[in-house]
Amino acid sequence: MESFFQEHRARAARLSRLLALPATGILAGHAAWAEMPQGQPNMLTPASTPAHTIANLSLFVLLITGSIFVVVGGLLAFALVRYRARPQEDTSEPPQIYGSTQVELAWTVIPILIVVVLFLTTARIIFAVQDAPKPEDALDVTVVGHQFWWEFRYPKLGIVTANELHVPVRTATYLHLLSADVDHSFWVPQLAGKTDLIPNHPNETWIQPERTGLYLGQCAQFCGVEHAQMLLRVYVDTPSEFAAWVEHQQQPGVQDASVAAGRHVFETEACTNCHAVAGTAAIGTFGPDLTHLMSRDTLASGIVPNTPENLRKWIHDPNDLKPGVLMPAMQLSDQQVDELVAYLSTLR
Amino acid sequence: MADQTFPIAGSIDVTPPPRAEKTTLLEWLHGWVVTVDHKRLGILYMAYAILFLLVGGVEALVIRLQLASPHNRFIGPETFNEMFTMHGTTMVFLVGMMYIFGFGNYIVPLMVGARDMAFPRLNAFSFWLSAFGGLLLYYSFIGGFGLYGMGAAPDVTWWAYAPLTAKAFSPGHATDYWALSLIAMGFGTLGSAINIIATTLSMRCRGMTLMRMPLFAWLMLVTSGLTLVTITPLTASQIMLVIDRYLGGHFFDTQAGGQAIVWMHFFWIFGHPEVYVLVLPTFGIASEIIPVFSRKAIFGYPAMVAASVGIAFVSLGVWAHHMFTVGMTSVGNTFFVLSTMLVGIPTGIKIFNWLATIWGGRIRFKTPMLFCIAFLFQFLIAGLTGIILSVAPWDWQLHNSYFVIAHFHYVLVGAIVFNIFAGIYYWYPKVTGRMMSETLGKWHFWLFLIGFHVTFDTMHFVGLEGMPRSIFTYMPDRGWGTLNLVISLGGLIQGIAVLLFAWNMVASYFRGKEAGSDPWDAWTLEWSTPSPPPVYNYATDPVVHSRRPLWDLKHPDDPDWRYE
Amino acid sequence: MSAIPVSAGPLEHEPWHLPSRGRVAMLSLIIGESAIFTIFVVAYVYYIGKSLSGPTPAVLEVPWFNSICLLSSSVTIWLAEREIERGRMKSFTALWALTMTLGVIFILGTGAEWRKLIYLDGLTIHTNLFGTTFYSLVGLHATHVVVGLIMLGLVLLFALTGHIRHEHSERIQVLALYWHFVDAVWVVVFTVVYILGR
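Draft legend 1. Geometry of the sheet that holds strand β9 (residues 213–218) of chain A. Residue and element names in this part refer to chain A. Judged by pairing direction, the sheet is mixed, and its three strands sit side by side in the order β4-β10-β9 without closing on themselves. This sheet does not close on itself; its edge strands, each paired only once, are β4 (164–168) and β9. Along the sheet, successive strands turn relative to each other by an average axial angle of 25°, direction set aside. By the bridge criterion, five bridges tie β4 to strand β10 (residues 231–237) in an arrangement that is parallel. The residue bridging E164 from the neighbouring strand is R233, located in β10. Those strands touched by helix α5 (residues 239–250) are β4 and β10, and its axis lies near 130° from that of β4.

Next comes the structure, spelled out in C-alpha cells:
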C-alpha cells in the first residue's frame, strides 16, 4: 500500500514536472511570481503538493491558450491591416467568397486535436489529485464552517481550535469539511485548490505542504454579511514545533485565581452559551473554543492581531470591528470588560 | 423599366414617411402603453435595457469605489452585498434579456419580411410582464425591509445558493422580491421566446427558406429555443424557493434532509446556458455587421448555422463546471471538463469564419465595425480563459476568484456589450431615421475600450493572486490594493464612455444626419424599408431569392442566388 | 422613387408553405413546460426516501379511477377535434363537454386524495421532504389541469352560444394539443409517484 502510494505520488510529480518544462521556459514571468514574499495567497507560488501539481498544469494550459491567442490574434490583426479600405481604391466590391468545405474542415479538426490534448492532461491530474490514496500516517482534521469563522477539530488528538490551522510539514493532512449553517469554501491558494463546505454534504480535501511558514486564505463562497472577513491562517510547522503545539493545546484551560472576577463575568454573562473553555462549565459550540485563546495570533477569524486592546474593543462591541458578526455586544460595564479581558488573557 | 417590379416589392422607397399628426403628451404616452407594434415594443425593450444598464453601471461603480483601497469604509458590508447582488441580477435579467428581445422584436420581423411578430398582443404582454418583474426587483429597496430596517435589497448573490436563501438566514422580504421578480420575468421571457420562434418559423416572406434566413434571425431562433429549456428550470427552482419560504417546504432545507447541491444543479442548468442565451444574439449582430463593413458575404453560412445550433446543444450539458469545487466524484468532474471543452470547437469555427469573412474584404472602420473588431479580440480571449477555467484542477484554484469575474465580464462586456453597442450604432439610423455621430461614436469606442481593458485585464491578475469574489473589503497585507485601484479607475473610464454614448443617442435623435433607407449599403431586407419603417413595414409582401436580397438588387448582373 | 433595374431572379412558382404559427407556439410552450416538469420530477425522484421523519409514500393509494378518467379525456377531445373538422358542431359540443367532465372528475379526485392525506395521514407540504415534493409535483400538474379546464370551459361557452364554427378547428386543435400534453405529463407523474416511487 505504502509503495503504491509513493509510486502514485511520484508519478504525479513527474507528470507535473514534464508539463512545466516547456511552460517555465517561455513564461519568464513565472520567476517573478516565485520571488513574491511568502504568505501572499498567490496560486502560482505553491507550497504544497496539490497546489504545486495544479500550478504546473496551469502553466501548461497557459502555454497552449497563449499560443492560440498569438496565432489567431495575429491573423486577425494582419487581416485588419492588410484588407482595410484604402481611400484611393475604386468603390467596387471585393470578390465574394461564400465558403470552402476544405478550409472549414481544417479549422474544425485543429480545435478538436487541441481539446483532446487538453482533456487528457486535465483528466490525469484530476485523478492524480482527487483519487490519491490516503497515506496511513495522514493527519485528520475536521473543518467546520460557521458564519463567519472556522472551527478546527483534531479528532485523534483531542484538540479544538479556531481560525488558525496548524499542520506539520511534509505530512499529508486530510481535511474533512462540514458546515454548521450555510455554504462556505476552504481556500488557501498556496496549499490546495478550494473545496466547499456544504451543510448536509460532507466533503474532503488534502494538503501536503513542502515548506514551513504561514499561508493565508479565506472563505471563497459567499456566506452572508461578513463573508469577506472570514479569513484563514494555516501554519505549517516543523514536526517538533507541531508536536509542541499539540502538547500545549491538549492542556486544559488555565485556572488562575487572580482573575476569578473575570471568570465570574465569563460564566455568569451569556458567554458560555456560545463559547467553551476546557475544564470549566463553558461548553458552548456556536462560537470559537477559547481554551487556548492566547495561543492564537489573531482575533475575529484573522482580521485583527490578538492584543488586549483589540480584545477589549471586540468584547465591548464586536460590530465595531466586524459589522454584521453574529456575536452580540453584551452591554458590559467597563469594569466587567476589563475583568473579562484579564481573564481571557490568561487562557494561554 | 419604369413598371419593372422589384423582387422585393416596395423596396428602396425613399419617400419620407408621412408626418404623424400632432398629439397631446397624454395621447402619445397612451399610444406607447397600448402599442402592439413590434417596432415600438422593440424600442421599449431597448429603452428599458439602457435605463437599467445605467442603474447597474452605477451599482458597479459603487462596488468599485468600495474596493478601491483595502479596509475601505465607504459602504458597509450589507450595502455592498446588496449592490453586487442587484448588479448581477440587473445586468443579466433587466439588461441582457431585455436587449435580446429588444433587438429581436425590432429587427427579426423586418429581416424575415413580416409585418409584425406572430403574436403582437402576446408580445406586448411579455414586455409588460418582464418590465413589471424589473420593477418588483427594485421595489425591494423600499418594500423589502427586514431585520436591518428600511430598504433591504436582495443580498444573497445572483446565484443565491441555498441555504443562505432560507428564512433562517435571509429574514425579511428582500429574497422574496428577488424570487418573485425572476418568476415574473421568466414568464415574460418565455412568451417572447415563443413569439420569436413562431415569427421565424411561420412568418417568413416568400422565398426565404430557413437556409436563406439572415444569421441574426437564425441566432434569435436558436436563442429562443435555448431560452425555452433554460429559463423554465429557473422558474421551477424559484417556485420551489418560494414554496420553501412561504409554505414551509423543505426543498433546500438542509436541516430536514434537503440538499444545497440540488439548488446548485438546478440554478446552473439555467445559469450556464443563460450565458449563451445572452451571447448568441450578439453573434448574430456581429454576423450582420462584419460582412457589411468588410464588403463580403459571410464566410461559411451553413457552418455558422450549424455551429450556433451546436453551441446551443452542447451548452445544455456543461452546467456543473460551475460546481467543480462542491465535491463531485473525479468521474463527474472529468465528464464536465470534456463537455465544457467541446464548446470550444463550434466557438472556434465561428471565430475562424468571421476571420475568413474579413480576409480579402475592403474593411470600412465605422463605429459599428470598430465595436465588432474589438469583440473579436475580446471574445477570443474570453474563450481561451473559458478553456482555462474548464481545466477542473485549475478551476479549484480559480473558482469564485476575480479571475472568474474577469472571464465572464470579458464575455458579458467584452463580447455582449460591445456587440450591443455595435448593433445600436448599426440599426439606430433604421429606427430613428438619423445617423449617430461618428465623432462621438469613436470617442465612445476608444474610451470604453481603454476602460474595459484597464478594468478587466487587471482583474485576471488579482484573481491569480488569490482575491475571492463577493468580498466587501480585504486586508492590506494581501497585496491587492494597487491592482484594485487600477480596476476601479478603469470602471470610471467606462462610466464616462457610457455617458458619452447616452448623450450621443439623445443628441443624434435631434441633430443627427438624415439616414435615408440604406446608409450602410447593406444587404438584408430591413434596409429596403424607409427609416423609420412605417407601421406595416412592407406595403406589399417582399419576395427573396437569396440570403442577401439587397445585394441581388444592387448587383443584378451577379446575384447571390447563382452561388447558393 | 428611385428605380434600380433588376433581373427578376429565379422564378419560384412552387407554393410557399409555412408551419402554422399556433402549432409552433403551442409546441414551444410544451417544450418549455416540459422543462419545468422535468425539474420537479427530478427533485421528487432525488428526494425519495430522504425524509428524516413523517409519512412515507406508502400512504399513497394508486388513483386508478382518476387516471383512467384523465387519460380517456384525451380520447374524447381527439374525437371532438375530428367532429369539428367535419363540421358536426352538435357532437363536437357534446364530446367537448364530456372531456371537461372527465377533467373535473380528475380534479375532484385529487382533492379527495389530498383531503385524506392531510386529515388522515397528517401529510402537508411542510411535514417532510416527501410532503414538499409530492404536493409540489402533483399540485403543479393539477394547476395545469385547472388552467386547461378554464380554457376548455371558455370554448364550451362559445360553442354553446354558437360562436364556434368549422373554421376554428385549427385553433381547437392547438388547444387540444395542450390538453394532450397535460395528460402525457400525468402518465409521467403517475409512473414516478405512484408506481416507481412507492
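Draft legend 2. Local environment of the environment of A:M43. Tracing the sequence through the fold places A:M43 in the loop between α2 (29–34) and α3 (49–82). A:M43 gets classed as buried once you count the C-beta atoms within 10 Å, which come to 27. Between the C-alpha atoms of A:M43 and A:D237, which are 194 residues apart in sequence, the distance is 20 Å. What A:M43 contacts, discounting residues up to four positions off in sequence, is A:A51, A:A55, A:P189, B:Q397, B:L464 and B:G466.

Draft legend 3. Main features of the sheet that holds strand β2 (residues 149–154) of chain A. Residue and element names in this part refer to chain A. Read from one edge of the open sheet, five strands run β3-β2-β1-β5-β8, paired in mixed fashion. At either margin of the open sheet sits one strand with a lone partner, and together these are β3 (159–162) and β8 (203–207). Strand after strand, the sheet turns through a mean of 25° between neighbouring axes, direction not considered. Relative to β3, β2 runs antiparallel, the two being bridged by four bridges. Residue pairing for β3: Y154 is matched across the bridge by I159.

Draft legend 4. Examining the confidence of the model for chain C more closely. Residues and elements named next belong to chain C. On average, residues of chain C carry a pLDDT of 90, and 93% of them reach 70 or more. Here residues 1–8 scores under 50 on pLDDT; set against residues more than four positions off or in separate chains, the count is 21 contacts. Across the interface, the model reports ipTM at 0.92; the global pTM reads 0.91.

Draft legend 5. Representation of the packing of helix α8 (residues 301–315) of chain B against helix α9 (residues 330–358) of chain B in the model. Residue and element names in this part refer to chain B. Between α8 and α9, the least distance of the axes is 9 Å, while the angle of their chain directions is 160°. As summarised for this structure, α8 and α9 are arranged roughly antiparallel, according to the angle between their axes. For the crossing formed where α8 meets α9, the hand is left-handed. Between α8, through A303, M304, A307, G310, I311, V314 and S315, and α9, the contact on the second element is made entirely by S339, L342, V343, P346, T347, I349, K350 and N353.

Draft legend 6. Highlighting the nonpolar core. Residues and elements named next belong to chain B. Among the nonpolar cores identified, the biggest contains 337 residues, and A49, I289, F371, C372, F375 and A422 are the most heavily contacted of them. The biggest single contributor to this core is helix α12 (residues 402–432), with 22 residues. What A422 contacts, discounting residues up to four positions off in sequence, is I285, I289, P368, F371, C372 and F375.

Cut-offs and rules
Residues numbered from 1 in each chain as written. Chains lettered and ligands numbered in written order. Predicted model: local features only at pLDDT ≥ 70, side-chain atom pairs only at ≥ 80, totals over all residues. Pairing = 2+ DSSP bridges. Helix = DSSP H or I, 4+ residues; strand = E, 2+ residues; numbered from the N terminus. Axes fitted to C-alpha atoms, helices over the stretch in contact; angles between N-to-C directions. Contact = placed C-beta atoms within 7 Å. Buried ≥ 20, exposed ≤ 12 C-beta atoms within 10 Å, placed from the backbone. pLDDT = per-residue confidence, 0-100. Parallel < 35°, antiparallel > 145°, perpendicular 65-115°, else oblique. Left-handed = near helix turned anticlockwise from the far one by under 90°. Core = buried A, V, L, I, M, F, W, Y, C linked by C-beta atoms within 7 Å.

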